[in-house]
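Summary of the model geometry
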Amino acid sequence: GFESVEPGGQRVLVALDVSGSMALSGVAGSSLTAREAAAAMALVTLATESEAHVVGFTAGLPGAWRSGHGVRGYEVGISPLPLSPRQRLGDAVASVANLPFGGTDCAAPMLYALERGLMVDAFVVYTDSETWAGDVQPVEALRRYRQATGIPARLVVVGLVSNGFSIADPTDAGMLDVVGFDAAAPALIADFLREPL
């Protein structure tokens, strides 16, 4: 089970990669697919943070935000996901399983929040392996968001499958890369979000 998670008291935007590979990728050390692991972690965040919202990297949904560029042949879009902390994990996974997925661009959640005028203290991105598209890297997108809003927002990128990657700027205390899946990860992320910068 998940370790007890104390609320970080943050406005959190959780962005889930809902692409087809997430349903096929197994998470090391567990019987979960990357999609199941991401949905489980999103439910923990929704249950502990009163101001958390979940979006998915999707394409083709009515009203989806478009980033204006594609990755690996898919357009990058963001749509709110119908997840609730009261849902069972199986229901949560089913609700995202049949979405028309788009490309995973880890800069997109920050650009989406900036264009939509969303106040976000922390962006948490779950993907099987990190990617970005276009000419805006996630580090740059986060800096743009911080400058435009005055919020010292943080970025956590969780690569559920990849064995090693780096998106975070090692000189920026507000960025964290998490590699792999662990039941303690939501508590670790909440602790990171609570730490003063």
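Right above here is the structure, for reference.
Residues numbered from 1 in each chain as written. Predicted model: local features only at pLDDT ≥ 70, side-chain atom pairs only at ≥ 80, totals over all residues. Heavy atoms only, no water.

**Here we look at the packing of aromatic side chains**
In total, this model carries two aromatic pairs according to the counting rule given. Measuring from ring centre to ring centre gives 5.7 Å for tryptophan 65 and tyrosine 112, while their planes differ by 75°; the resulting arrangement is edge-to-face. Here tryptophan 65, found in strand β3 (residues 65-71), pairs with tyrosine 112, found in helix α4 (residues 108-116); they are 47 residues apart in sequence, far enough to count as distant. Given the relative accessible area of 5%, tryptophan 65 is considered buried. A residue is classified by how much of its surface remains accessible, and tyrosine 112, at 5% relative accessible area, is buried. When the centroid spacing of 5.1 Å and the interplanar angle of 90° are considered together, the rings of phenylalanine 123 and tyrosine 145 count as edge-to-face. Here phenylalanine 123, found in strand β5 (residues 122-127), pairs with tyrosine 145, found in helix α5 (residues 138-149); they are 22 residues apart in sequence, far enough to count as distant. Since its relative accessible area comes to 0%, phenylalanine 123 is described here as buried. (Phe/Tyr/Trp six-rings, centres within 6.5 Å; stacked < 30°, edge-to-face > 60°. Helix = DSSP H or I, 4+ residues; strand = E, 2+ residues; numbered from the N terminus. Buried < 20%, exposed > 50% of the residue type's maximum accessible area, 1.4 Å probe, protein only.)

**Focus on the pairing of strand β1 (residues 11-17)**
Two faces belong to every sheet, and in a regular strand the side chains alternate between them. Among the seven residues of β1, six are classified as buried, and the element is accordingly described as predominantly covered. Across seven bridges, the pairing between β1 and strand β2 (residues 51-57) is parallel. Pairing of leucine 16 across the sheet is with glycine 56, part of β2. Here β1 pairs with β5 via five bridges, running parallel. By the bridge assignment for β5, leucine 13 is matched with phenylalanine 123. (Pairing = 2+ DSSP bridges.)

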